[in-house]
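Structure at a glance
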Amino acid sequence: MIMIRPGTDADRPQILERIAEVFGRAHAQRAEHLWDWQWHQNPRLPTPGYRGVVADWQGQIIGTLSTTPAGLHLGGAPVTAHWCFDMLVHWGLMRQALREHRRSASADAPDLSRGIAAALLDHPAAGPIQLAKHISDPMMAIIERIGFTALGESGSLHRRVSLKHTLGRTLGPRLGGLIGSLADLALPRDAKPRLPVEVLPGAFDTRFDHLWDTVHPRYPAICRRDAQTLNWRYRRHPDGDQYQVLITGDGMRLRGYAVLLTYTKGQRRWAKIVDLLTAPGDHEAIHALAAGALCALRTWRAERVEVFACGDGIKTIFQSMGFVPRLTKSDRPQPLMVRALPAAAAGIYVTQGDGDGG
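First, a word on scope: everything that follows refers to the structure included in this document. (Residues numbered from 1 in each chain as written. Predicted model: local features only at pLDDT ≥ 70, side-chain atom pairs only at ≥ 80, totals over all residues. Heavy atoms only, no water.)

This next bit is on the pairing of strand E2 (residues 52–57). Each regular strand carries side chains that alternate between the two faces of the sheet. Most of E2 is tucked away, with six of its six residues classed as buried. Residues Gly52, Val54 and Asp56 line one face of E2 and the alternating positions Val53, Ala55 and Trp57 line the opposite face, and both faces are buried. Two strands pair when backbone bridges link them, and strand E1 (residues 2–6) and E2 are joined in this way by five bridges, in the antiparallel orientation. Pairing of arginine 5 across the sheet is with valine 54, part of E2. In this antiparallel pair of consecutive strands, E2 and strand E3 (residues 60–69), the connection spans two residues, and glutamine 58 shows a positive phi of 55°. (Buried < 20%, exposed > 50% of the residue type's maximum accessible area, 1.4 Å probe, protein only. Helix = DSSP H or I, 4+ residues; strand = E, 2+ residues; numbered from the N terminus. Pairing = 2+ DSSP bridges.)

Given below as structure tokens:
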């Protein structure tokens, strides 16, 4: 019989093995690399250890769903909610298990009529409020069928930043940089920050706690962003010092911050605005941080930048700065998907950095 049960650290070897079989060895190696940081150091966890749901057939794990506490606050008060990610079902083992399950399942067997993926998401350990983003086309069909809905005005946006790195690959750094500087003049003009923006050289400090305490009760819904969480997420990441943080403020008072990620994939130089937080409606600070981010990323020769926009009218602000929707290969957007999210949280604020933490 197939059992749907909470996963534990004891399932780690099989979870990694299934990831390798379904998504490839590189994906499994990354999951193993992040495991202790993700499941034992995350300050949002009530106790250290893997969180998720697994489908177990005769001691073999045939499907997994990872979940992590979202640290969600509604109107300033914490509520229980989970980000759902890394869903997989091993199709070969699943077919064998379902044939045996249909033949010999007892009366108290789990309901698998909607499939194993749906059963994993329906398990109480995955609820009560579920959040997900960057969903593949096949999984989107499954979660829509079981009650997930898309949050309007949410999704990934992107825009070109600079042609210097692109031209530098073919013409050499010096000539490519010179011609790239001229070619960049044809790209959308970047507004100058109207507020002072500087790089944060060290850890997130008490100013970020004060910012969080001040602004989070003013959002309908937002995930935890105190200094402890930010330091875990961006300063103690196992991949090292890969994030840059920009801040703006008035003297010692922090008005907001933006977290930037630049990385090389193949021969391309990509970037993301991973996180951005200000008081709701502080468009002056949002513009300053976004403009400062574009200036910094151009200096760092990023070719293209991506941002996930959801809530507080931030999508409109980025679109006014030349960002356009980033679509999948099937030409569809990837909005925030939610299940059982209260109506009062409809204006939830979410960025790229919310979610699995990887």
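Now that the structure is up, let's keep going.
All right, on to the packing of helix H1 (residues 12–23) against helix H2 (residues 25–40) then. Closest axis-to-axis distance for the H1/H2 pair is 6 Å, and the angle between their directions is 150°. With respect to H2, the element H1 is oriented roughly antiparallel. You can see that H1 and H2 cross each other, and the crossing is right-handed. Note on element contacts: H2 touches H1 through Arg25, His27, Ala28, Ala31, Glu32, Trp35 and Asp36, opposite Arg12, Ile15, Leu16, Ile19, Ala20 and Phe23. Grouping the amino acids of the contact of H1 with H2 by side-chain chemistry returns eight nonpolar, one polar and four charged. (Axes fitted to C-alpha atoms, helices over the stretch in contact; angles between N-to-C directions. Parallel < 35°, antiparallel > 145°, perpendicular 65-115°, else oblique. Left-handed = near helix turned anticlockwise from the far one by under 90°. Contact = heavy atoms within 4.5 Å. Nonpolar A, V, L, I, M, F, W, Y, C, P; charged D, E, K, R; others polar.)

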